[in-house]
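Listed below are the residues making up each chain.
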Amino acid sequence: MWKFIDHIMRPNELVPDKSILTYDNVFVIYTKLKDLDETFRELLQINILKAEIEQEKKSVTV
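Residues numbered from 1 in each chain as written. Predicted model: local features only at pLDDT ≥ 70, side-chain atom pairs only at ≥ 80, totals over all residues. Heavy atoms only, no water.

## Description of helix H2 (residues 23-61)
What counts is decided by this rule: Put simply, DSSP marks the helices as runs of H or I at least four residues long and the strands as runs of E at least two long, and each gets a number from the N terminus on. Here, expected helix span is obtained from the residue count minus one, scaled by 1.5 Å. Relative accessibility thresholds used throughout: buried, under 20% of the residue-type maximum; exposed, over 50%; partly exposed, between the two (1.4 Å probe, protein chains only).
Under the 1.5 Å per step criterion, the end-to-end length of H2 is 57 Å for 39 residues, consistent within 8% with the ideal 57 Å. Turning to H2, its buried residues are Val-26, Leu-33 and Asp-37.

The structure is reproduced here in structure tokens:
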């Protein structure tokens, strides 16, 4: 979990000191970040598919 959290969160003054977090705190952070990451990836896939559909429409009409 920490590897994922460290990868997503960039160090700044808003990031809590990891040594004071309990396992439950970490799990909550991990779960929320994982959900956000998944949503972002899905939106990215949707945009890629939209772009490919538009490109296909243009090539069919030409």
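Once the structure has been displayed, the description carries forward.
## Comments concerning the environment of Phe-27
Secondary-structure assignment places Phe-27 in helix H2. Measuring from C-alpha to C-alpha, the distance between Phe-27 and Trp-2 comes to 9.7 Å, with 25 residues separating the pair along the chain.

## Regarding the side chain of Asp-37
Here is the rule: Between N or O atoms, a polar contact is any pair within 3.5 Å; within protein, one atom must be a potential hydrogen donor and the other a potential acceptor, and residues adjacent in sequence are included only when both atoms are from side chains.
With respect to the helices, strands and loops of the structure, Asp-37 is situated in helix H2. Of the polar contacts made by the side chain of Asp-37, one reaches the side chain of Arg-41; its length is 2.9 Å.

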